[in-house]
Amino acid sequence: MTDLPIWHPPSGRGPGLVLVQEIFGLDDYLRSVASELAAAGYVVAIPELFRRFAPGWSSTHDEAGVAASMEVAASFDPELGLADVLETMAHLRSRPAVTGGVGVLGFCLGGSLAFAAAAEGDPDTAVSFYGSTVASSIGDLPRVTCPIQFHFGGKDPYIPRTDVAVVESAVAAHEGAEIHVQEEAGHAFHNHVAPMFHHPEAAARAWELTTQFLRRTLPA
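Once a new chain begins, its residue numbering starts again from 1 and follows that chain's sequence as written. Predicted model: local features are reported for residues with pLDDT of at least 70 only, side-chain atom pairs are reported and counted for 80 or more only, and whole-chain, interface and lining totals are derived from all residues. Note that the side-chain values use all heavy atoms of the structure and ignore hydrogens as well as water.

*Asks:* I'd love a proper account of the layout of surface pockets, names of residues and values included.
*Replies:* The distinction between a cavity and a pocket rests on a 1 Å grid over the protein atoms alone: a 1.4 Å probe fits inside a cavity but cannot get out, while a pocket stays open yet meets protein on both sides within 12 Å along at least five of seven lines, and a residue with an atom within 4 Å of a point counts as lining. Grid points are joined across faces, edges and corners, and a volume is the space filled by probe spheres set on the points. Estimates place the volume of the largest pocket at around 670 Å³. Lining the largest pocket are 27 residues, and of these Cys108, Leu109, Ser112, Ser132 and Thr133 sit closest to its centre. The secondary structure listing takes helices from DSSP runs of H or I that are at least 4 residues long and strands from runs of E that are at least 2 residues long, numbered from the N terminus. Of all elements in the fold, only helix H2 (63–73), helix H3 (78–94) and helix H4 (109–120) reach the threshold of two or more residues within the lining of the largest pocket. In this count, Pro and Cys sit with the nonpolar residues alongside Ala, Val, Leu, Ile, Met, Phe, Trp and Tyr, while Asp, Glu, Lys and Arg are called charged and the others, Gly among them, polar. For the lining of the largest pocket, the residue count by class is 18 nonpolar, 5 polar and 4 charged.

Quick look at the structure:
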């Protein structure tokens, strides 16, 4: 992939992480997550999922930005997006700076793709935050052979709690999978630049669980 943005850890070397975007594109939020993960020791790459029809896309995080992003995302082909994620994983594996495996972590749209990549590809670990298609495709969970962690908000207006319960049931029967539900939080609760979504307490809890999981399954 051309012009793939990559963040390196202070040491210059470490395990790889493919960070997969929300519908807002490569924004300040996603860059801050990439920087934090790089500071923790990971080589982080972000594929540009909308490059074929809206290159450079980044939106605001208010209602107008959500509406614009959803309109752009309507042109998104999930199969091509998954191919981009898998290609980015392969690219990281080929880089001399990447040592100790490659994982995938995604939010929202990226949460759905992180799960799909874990089922279709060979990441060493996977983290999926509030992916809207996870419940409908949870039948693919038996194909996931790496450790995988799911996060949801219990009051997500886009993902019914009954759908989350379907994922909980499947995860309980799959070794290596875990799920954490922040019952008081809604959608995109980790996005600290989106006041309409951000839930600071839920975000802090979920991120601590995420970093613990990464240290355990893809140690830097």
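*Asks:* I'd like a description of the packing of H3 against H4, backed by residues and values.
*Replies:* Every angle, taken between N-to-C directions, lies between 0 and 180 degrees, and every axis is a line fitted to C-alpha atoms, over only the stretch in contact when it is a helix. Contact geometry of H3 with H4 gives a least axis separation of 10 Å together with a crossing angle of 65 degrees. Compared by their axis directions, H3 and H4 come out roughly perpendicular. H4 is crossed by H3, and the crossing has right-handed handedness. Contacts between H3 and H4 involve Pro78, Gly81, Leu82, Val85, Leu86 and Met89 on the former and, on the latter, Leu113, Ala116, Ala117 and Glu120. Its residues placed into classes, the contact of H3 with H4 shows 8 nonpolar, 1 polar and 1 charged. For classification purposes, an angle smaller than 35 degrees is called roughly parallel, one larger than 145 roughly antiparallel, one from 65 to 115 roughly perpendicular, and anything else oblique. Working rule for handedness: look at the near helix, and if it is turned counterclockwise from the far one by less than a right angle, call the crossing left-handed; if clockwise, right-handed. Contacts between residues were defined by any pair of non-hydrogen atoms, one from each residue, lying within 4.5 Å.

*Asks:* Could you give an account of helix H5 (residues 161–172), naming the residues involved and the relevant values?
*Replies:* End to end, H5 covers 16 Å across 12 residues, agreeing with the expected 16 Å (1.5 Å per residue, within 8%). Three or more residues of H5 are buried, namely Val164, Val167 and Val171. Along the axis of H5, the buried positions cluster into a sector of 55 degrees, meaning they face one direction only. Residues of H5 that are exposed and point more than 90 degrees away from the buried face comprise Thr162, Ser169 and Ala172. Looking at the buried residues of H5, the elements they touch are strand E6 (148–153) and strand E7 (177–182). One less than the residue count of a helix, multiplied by 1.5 Å, gives the span that helix is expected to have. When accessible area is computed with a 1.4 Å probe and restricted to protein chains, residues below 20% of their type maximum are described as buried, those above 50% as exposed, and intermediate ones as partly exposed. Of all possible arcs, the one meant is that of the directions from the helix axis to the C-beta atoms.

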